[in-house]
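Summary of structural features
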Amino acid sequence: MTTTIYHNPKCGTSRNTLALIRNTGEEPVVIEYLQHPPSREKLSELISGMNLTPRELLRKKGTPYEELRLDDRKWSDDELIDFMISHPILINRPIVVTPAGARLCRPSELVLDILSAPQRGEFIKEDGEKVIDQDGRRV
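Described below are features of the structure shown in this document. All values derive from a computational prediction rather than experimental measurement.

Here we come to the overall build of the protein. Along the protein, the regular secondary structure elements total four helices and six strands. In sequence order, the secondary structure elements of the protein are arranged as β-α-β-α-α-α-β-β-β-β. Relative to a compact globule of 139 residues, whose C-alpha radius of gyration would be 14 Å, the protein shows 16 Å and is just as compact. Taking the principal axes of the C-alpha coordinates as reference, the protein spans close to 50 × 30 × 25 Å. Looking at the protein as a whole, 45% of its 139 residues are labelled buried. Long-range contacts, defined as pairs at least 24 residues apart, comprise 57% of the intrachain contacts of the protein with a sequence gap of at least 6. Just so you have it, the protein exposes about 7600 Å², and 46% of that area is on carbon and sulfur atoms. Separation between the mean location of the 20 positive side-chain charges and that of the 22 negative ones in the protein comes to 3 Å.

See the structure below:
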């Protein structure tokens, strides 16, 4: 099994996560989920694999979350998944799947816990925060 990232190239956290994966020397499968959203079955599988509820995976910022009143507790898990299928921007990202498991990688460093290969060198996030030193160790 290879590493897969559900990615939004416009998101800095997603770009940093992808760069951390690549810093191991691995080229992951990159799924730009806004253009190629997961099926309902796949999204349910990802949610289950991350041990999250659908509500915990909802993205609020820059989405129709408030307009759709998704903070209302009347929505069932199945209904929330339906909203994410209809509006993929509601799916929080990045989601990374590796042989070690699936994880919502916010912040991006959370990906380090599920990567099998070590970091190959220094990594500095887009905002200038150093995450990995020159020897490939977490800072």
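Structure shown, so let's carry the discussion forward.
In total, this model carries one aromatic pair according to the counting rule given. Taking the centre distance of 4.9 Å and the plane angle of 85° together, the rings of W75 and F83 count as edge-to-face. Judged by its relative accessible area of 16%, F83 is buried. Positioned above the aromatic ring of W75, the side-chain terminus of K74 is 4.6 Å from the ring centre.

Taken N-terminus to C-terminus, the directions of helix α2 (residues 40–49) and helix α4 (residues 77–86) make an angle of 120°; their axes are 10 Å apart at the nearest point. Comparing their axes, α4 and α2 come out oblique. Considering only the axes of α2 and α4, their crossing is right-handed. Contact residues: α2 offers R40, L43, S44 and I47, while α4 offers D78, I81, D82, M84 and I85.

The rules behind these values
- Residues numbered from 1 in each chain as written.
- Predicted model: local features only at pLDDT ≥ 70, side-chain atom pairs only at ≥ 80, totals over all residues.
- Heavy atoms only, no water.
- Helix = DSSP H or I, 4+ residues; strand = E, 2+ residues; numbered from the N terminus.
- Rg over C-alpha atoms; globule rule 2.2 N^0.38 Å.
- Buried < 20%, exposed > 50% of the residue type's maximum accessible area, 1.4 Å probe, protein only.
- Contact = heavy atoms within 4.5 Å.
- Areas by Shrake-Rupley, 256 points an atom, 1.4 Å probe, with all protein chains shown as cover.
- Lys, Arg positive; Asp, Glu negative; His and termini not counted.
- Charge placed at Lys NZ, Arg CZ, Asp CG, Glu CD.
- Phe/Tyr/Trp six-rings, centres within 6.5 Å; stacked < 30°, edge-to-face > 60°.
- Lys NZ or Arg CZ within 6 Å of the ring centre and 35° of its normal.
- Axes fitted to C-alpha atoms, helices over the stretch in contact; angles between N-to-C directions.
- Parallel < 35°, antiparallel > 145°, perpendicular 65-115°, else oblique.
- Left-handed = near helix turned anticlockwise from the far one by under 90°.

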